[in-house]
Amino acid sequence: MTDLDIKNAVEAFEKLLREQGDRVDFIKSEGGFTDFSIKEKIRIGVCGGDGIGPFITKASADVLKYVLRDEVAAGKVEFLDIQGLTLENRLKHMKPIPDDVLEQLKTCDVILKGPTTTPQAGSGMPNIESANVAMRKALDLFANVRPVRIPDEGIDWTFFRENTEGAYAVGSKGVNVNDDLAVDFVVTTTEGTERIARLAYEYARNNHKDRVSIISKANVIKTTDGKFLNLCRKVSEDYPEITTDEWYIDILTAKLLDPARRRDFKVLVLPNLYGDIITDEAAQMQGGVGTAGSANIGRKYAMFEAIHGSAPRMVEEGRAKYADPCSMLRACVMLLNHIGRNDKGAALERALDICMFEEKKCVITGRPDGATIDEFAAYVMSKLD
Ligand code: IPM
Ligand code: MG
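Just so you know, these numbers come straight off a predicted model, no measurement behind them. (Residues numbered from 1 in each chain as written. Chains lettered and ligands numbered in written order. Predicted model: local features only at pLDDT ≥ 70, side-chain atom pairs only at ≥ 80, totals over all residues. Heavy atoms only, no water.)

Draft legend 1. Highlighting the overall build of the chain. From N to C terminus, the chain includes 14 helices and twelve strands. In terms of overall dimensions, the chain is globule-like: its C-alpha atoms have a radius of gyration of 21 Å, near the 21 Å expected for 385 residues. By its C-alpha atoms, the chain is 70 × 55 × 45 Å across when sized along the principal axes. Considering the chain as a whole, with its 385 residues, one finds that 52% of them fall into the buried category. Taking all contacts inside the chain whose residues are at least 6 apart in sequence as the whole, residues at least 24 apart take part in 74%. (Helix = DSSP H or I, 4+ residues; strand = E, 2+ residues; numbered from the N terminus. Rg over C-alpha atoms; globule rule 2.2 N^0.38 Å. Buried < 20%, exposed > 50% of the residue type's maximum accessible area, 1.4 Å probe, protein only. Contact = heavy atoms within 4.5 Å.)

The structure is reproduced here in structure tokens:
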């Protein structure tokens, strides 16, 4: 390694440190959560994304518009269709979110977003950051809330994944020091950890969940995971009625599969990357990644999406219209709850439970032997009246 390699790497690292320092200052300066009960008009932005995204997003937005039709008619809720969050447009502007799209997003209170395709390192495509990750950062959506329920087995988990830090904070800004050495960075901040821990514990308290599990790999990733664990422990002291336990991510991955233990987990708070991975496992247990919704919550904005990707292969094979919209519809439930329309959220959740778990008259298989997205959406709407 040459002195120049080291000098360049140190310069790159210095830039990252300054950016992260600015981010900490921004978090400290941020106001409180939007109070939807006093808002005269709520604006819901809808962006379709890539692959199957536009198909499942349109059907889900149709259901949402149906649920909110009276409030739309009364001018209390409005929908804004946002075009341009597509891979083609991102490549054209060489930005994860083109400026005009970001401007439109910022005029909304909440956003319903279809999955977007992320160019992978080494794919030959430019190294553009994932649109998801960029949106979470640009709108400071610090909490990724992912519920997974398997009623027959008594499983009712809510994952609070930290959404703007950890391995993702500077995930696209690692340093290739030279041809032989590459370094990525993991970021944990006091403010960033305290706010996700507080949200998880508040959720547990308000929803009568008696256990919060703090997940980390603090035995190995001692500095950043150690800080995450210690700060979560500190927050837990304000919630003495809630049992707190601690798990390393590897054994948690096993325990979620253990029929004797898994229903003990209720609320789980965890760093970004572990949350990403474990919520796919949990969603698969519930019936597939197509079945779980995902809320990205910030103080000012919130964005609701499927937990899965854009499945470009389904589009290539002509199967887009058979894609599963349930993950997006679950996201709509969370959106309704977030804007304080809890009765409507509960009604949509109930309709989804009937369609997905109980009656199952219309089943999505992802192929022509199953229902289309529109047929399934109509089935859900028929259970809302
Ligand atoms: C998710 C997705 C994203 C993530 C991808 C698309 C960048 O897997 O929302 O879980 O890793 O966060
Ligand atoms: Mg994921």
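Draft legend 2. Structural detail: the site of ligand 1. What surrounds ligand 1 is the set T118, S130, N132, V133, R136, R146, R161, Y168 and D276. Measuring from an oxygen atom of ligand 1, one finds a side-chain N or O atom of R136 at 2.7 Å. At 2.8 Å, a side-chain N or O of R146 approaches an oxygen atom of ligand 1. Against a free-state accessible area of 320 Å², the protein chains account for coverage of 79% of ligand 1. Per-element accounting of the shell around ligand 1 gives the leading share, three residues, to helix α6 (residues 131–138). (Near = heavy atom within 4 Å. Polar contact = N/O pair within 3.5 Å; in protein donor to acceptor, adjacent residues only side chain to side chain. Areas by Shrake-Rupley, 256 points an atom, 1.4 Å probe, with all protein chains shown as cover.)

Draft legend 3. Focus on the packing of helix α7 (residues 190–206) against helix α8 (residues 224–236). Where α7 contacts α8, the axes come no closer than 9 Å and their chain directions differ by 45°. It follows from the interaxial angle that α7 and α8 lie oblique. The handedness of the crossing between α7 and α8 is right-handed. Contacts from T190, T193, E194, I196, A197, R198 and Y201 in α7 reach K227, F228, L231, C232, V235 and S236 in α8. (Axes fitted to C-alpha atoms, helices over the stretch in contact; angles between N-to-C directions. Parallel < 35°, antiparallel > 145°, perpendicular 65-115°, else oblique. Left-handed = near helix turned anticlockwise from the far one by under 90°.)

Draft legend 4. Region of the structure containing the nonpolar core. Among the nonpolar cores identified, the biggest contains 67 residues, and V269, F304, F376 and V380 are the most heavily contacted of them. At nine residues, the largest contribution of residues to this core is made by helix α12 (residues 326–338). Apart from residues lying up to four places away in sequence, F376 is in contact with P325, C326, L329, L352, C355, M356, C362 and I364. In terms of nonpolar packing, the next biggest core, distinct from the first, is built from 17 residues, L85, L102, C108 and A134 among them. (Core = buried A, V, L, I, M, F, W, Y, C linked by side-chain atoms within 4.5 Å.)

Draft legend 5. Up close: the sheet that holds strand β1 (residues 42–47). Read across the sheet, ten strands follow the order β2-β1-β3-β12-β11-β4-β5-β10-β8-β9 without closing on themselves; strand pairing throughout is mixed. A single partner strand is all that each edge strand has here, and the edge strands are β2 (77–81) and β9 (243–248). Adjacent strand axes in the sheet meet at a mean angle of 20°, parallel and antiparallel pairs treated alike. (Pairing = 2+ DSSP bridges.)

Draft legend 6. Quick peek at the packing of helix α2 (residues 53–67) against α12. Running from N to C, α2 and α12 cross one another at 35°; their axes reach a closest spacing of 9 Å. Our pair here, α2 against α12, has a crossing hand that is right-handed. Taking contact as the criterion, the partners of I56, T57, S60, V63, L64 and V67 in α2 are, on α12, M328, L329, C332, L335 and L336. Considered class by class, the residues forming the contact of α2 with α12 number nine nonpolar, two polar and no charged. (Nonpolar A, V, L, I, M, F, W, Y, C, P; charged D, E, K, R; others polar.)

Shape is all these values report; function is a separate question.
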